Amino acid sequence: MPQPFIVTERVTARSNRAEVRNPILTLPAVAKLRALDPETRRVLHDLLLELQQDARQRAEASWRSRKPPLASYWAACGVYAGHVARAIGPRACRRTGRERPR
């Protein structure tokens, strides 16, 4: 007879892990950013989101004007700004890398 097994720990799928979805979380400097006081983090978070929107608009304009290398550059800038913003945002210090309880 096959032995039944007991699952004692849930393993989060790789694609659901925070550090896979946001590789910025693996950088040591993120811990320093998270250590800033909440007001400074909020201001920085807002500025990064604004930078992300500006970069996305520039990427779209560059793409429309047939400048793919510049569009790629601005798109990457927008992605990095968004990743850093989410790494230090108001919900950033919640449990990371663990599955949410159900």
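Everything discussed here concerns the structure shown above.
The rules behind the values
Residues numbered from 1 in each chain as written. Predicted model: local features only at pLDDT ≥ 70, side-chain atom pairs only at ≥ 80, totals over all residues. Heavy atoms only, no water. Salt bridge = Lys/Arg side-chain N within 4 Å of Asp/Glu carboxyl O. Helix = DSSP H or I, 4+ residues; strand = E, 2+ residues; numbered from the N terminus. Buried < 20%, exposed > 50% of the residue type's maximum accessible area, 1.4 Å probe, protein only. Expected span 1.5 Å × (residues − 1). Contact = heavy atoms within 4.5 Å. Phe/Tyr/Trp six-rings, centres within 6.5 Å; stacked < 30°, edge-to-face > 60°. Axes fitted to C-alpha atoms, helices over the stretch in contact; angles between N-to-C directions. Parallel < 35°, antiparallel > 145°, perpendicular 65-115°, else oblique. Left-handed = near helix turned anticlockwise from the far one by under 90°. Nonpolar A, V, L, I, M, F, W, Y, C, P; charged D, E, K, R; others polar.

Visitor: Let's hear about the pattern of salt bridges: which residues, and what values?
Guide: Applying the stated rule across the entire model yields four salt bridges. Arg42 is the salt-bridge partner of Glu39, the closest N and O atoms lying 2.7 Å from each other. Pair noted here: Glu39 and Arg42 are both in helix α3 (residues 38–64), with a separation of three residues, about one helical turn. Classification of Glu39 as partly exposed rests on a relative accessible area of 42%. One continuous salt-bridge network, built from bridges that share partners, spans Glu39, Arg42 and Asp46.

Visitor: Lay out helix α4 (residues 68–88) in plain terms, naming residues and giving numbers.
Guide: Over its 21 residues, α4 runs 30 Å from end to end, which matches the ideal 30 Å to within 8%, given 1.5 Å per residue. Regarding α4, the residues found buried are Ala71, Gly78, Ala81, Gly82, His83, Ala85, Ala87 and Ile88. Against the buried residues of α4 lie α1 (18–21), α2 (28–34) and α3.

Visitor: Could you give an account of the packing of aromatic side chains, naming the residues involved and the relevant values?
Guide: Counted according to the given criterion, the structure contains one aromatic pair. A centroid spacing of 5.1 Å and a plane angle of 75° characterise the contact between Tyr73 and Trp74, whose relative ring orientation is edge-to-face.

Visitor: Requested: an account of the packing of α3 against α4, with residues and values cited.
Guide: Between α3 and α4, the least distance of the axes is 8 Å, while the angle of their chain directions is 160°. The angle between α3 and α4 places the two elements in the roughly antiparallel class. Read as a crossing pair, α3 and α4 show a hand that is left-handed. Its residues placed into classes, the contact of α3 with α4 shows 17 nonpolar, five polar and three charged.

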